[in-house]
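Observations on the three-dimensional arrangement
Each chain, written out:
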Amino acid sequence: AKAVLGLAGRTVILRIDRHIARKNYGAFFRVMRPVLAAHPEVICVLHAAARDEYGNLHDLIARETGAVNHNPGDILGWSHPQYRLTGEHDTFRGLTDTEMNVLYNAADVLVSTTMAEGFGLTQAEALAAGVPVVATDYSAIAEVVGPGGLLTAPAGYITNQYAHEWALVDEPAMSAAVERLVTKPALRRELGKAGRRH
């Protein structure tokens, strides 16, 4: 799967979901900063529309050390050697089930900084592919992920516009969890098997 996507020899961190407030992409970039700085072989693959309700992912990429603008004056010109947008969310076609399966199977870890989930479809899909998940221990995520990943305690809560609580990510704790899985392939395999069974 990695070879098909041109990612052979890379450790792949996958993120699949919408760029909306609840998904908290800003926290994702902050969580990944120390991991990417320590591991140049790690690449984050983001399968999300670059432009969505919460802004443009290229704005977030532009803030990262090492980001380059290949087309000055155009926010879409920003890229980073350790971030890849699939671009497939930006089409009417999207990805087929088979292509999504390849994407999941190319991943070593799925990292989600979502502040709440009613179910957690992308986490469940990752587990079905044997990919361990790193996320916050809140809402439906704990039940969905079970033994198939590393969950971090919330750093706090905010109340959203519907008077529901959203969990804030403990960013240093989540960075440490991602670092642990990046450096321990055997643990990734163990959690991946447990998650698939779960």
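Residues numbered from 1 in each chain as written. Predicted model: local features only at pLDDT ≥ 70, side-chain atom pairs only at ≥ 80, totals over all residues. Heavy atoms only, no water.

**Regarding the environment of Gly-6**
Its place among the elements puts Gly-6 in the segment before β1 (11-16). In the structure, Gly-6 is positioned 37 residues away from Ile-43 in sequence and 11 Å away in space, judged by C-alpha atoms. (Helix = DSSP H or I, 4+ residues; strand = E, 2+ residues; numbered from the N terminus.)

**Quick notes on the pattern of salt bridges**
Pairing of side chains with opposite charge becomes possible as their charged atoms draw close. All told, the structure shown has 9 salt bridges when counted by the stated rule. For Arg-18, the salt bridge goes to Asp-52, with nearest N and O atoms at 2.6 Å. Placement of the pair is Arg-18 in the loop between β1 and α1 (25-38) and Asp-52 in strand β3 (residues 51-52), with a sequence separation of 34 residues. For Arg-22, the salt bridge identified is with Glu-117, shortest N-O distance 3.2 Å. Within this pair, whereas Arg-22 is found in the loop between β1 and α1, its partner Glu-117 is found in the loop between β8 (109-111) and α4 (121-128), the two being separated by 95 residues in sequence. Judged by its relative accessible area of 23%, Arg-22 falls in the partly exposed class. A relative accessible area of 13% places Glu-117 in the buried class. Residues joined by salt bridges that share partners form a network here, namely Lys-2, Asp-108 and Arg-188. (Salt bridge = Lys/Arg side-chain N within 4 Å of Asp/Glu carboxyl O. Buried < 20%, exposed > 50% of the residue type's maximum accessible area, 1.4 Å probe, protein only.)

**Here's the deal with the pairing of strand β12 (residues 165-168)**
Strand direction decides the pairing type here: strand β11 (residues 156-159) and β12, joined by 4 bridges, are antiparallel. Bridged to Gly-156 within β12 is Leu-168. In sequence, β11 turns back onto β12 through a hairpin of 5 residues, with Ala-163 there showing a positive phi of about 65°. (Pairing = 2+ DSSP bridges.)

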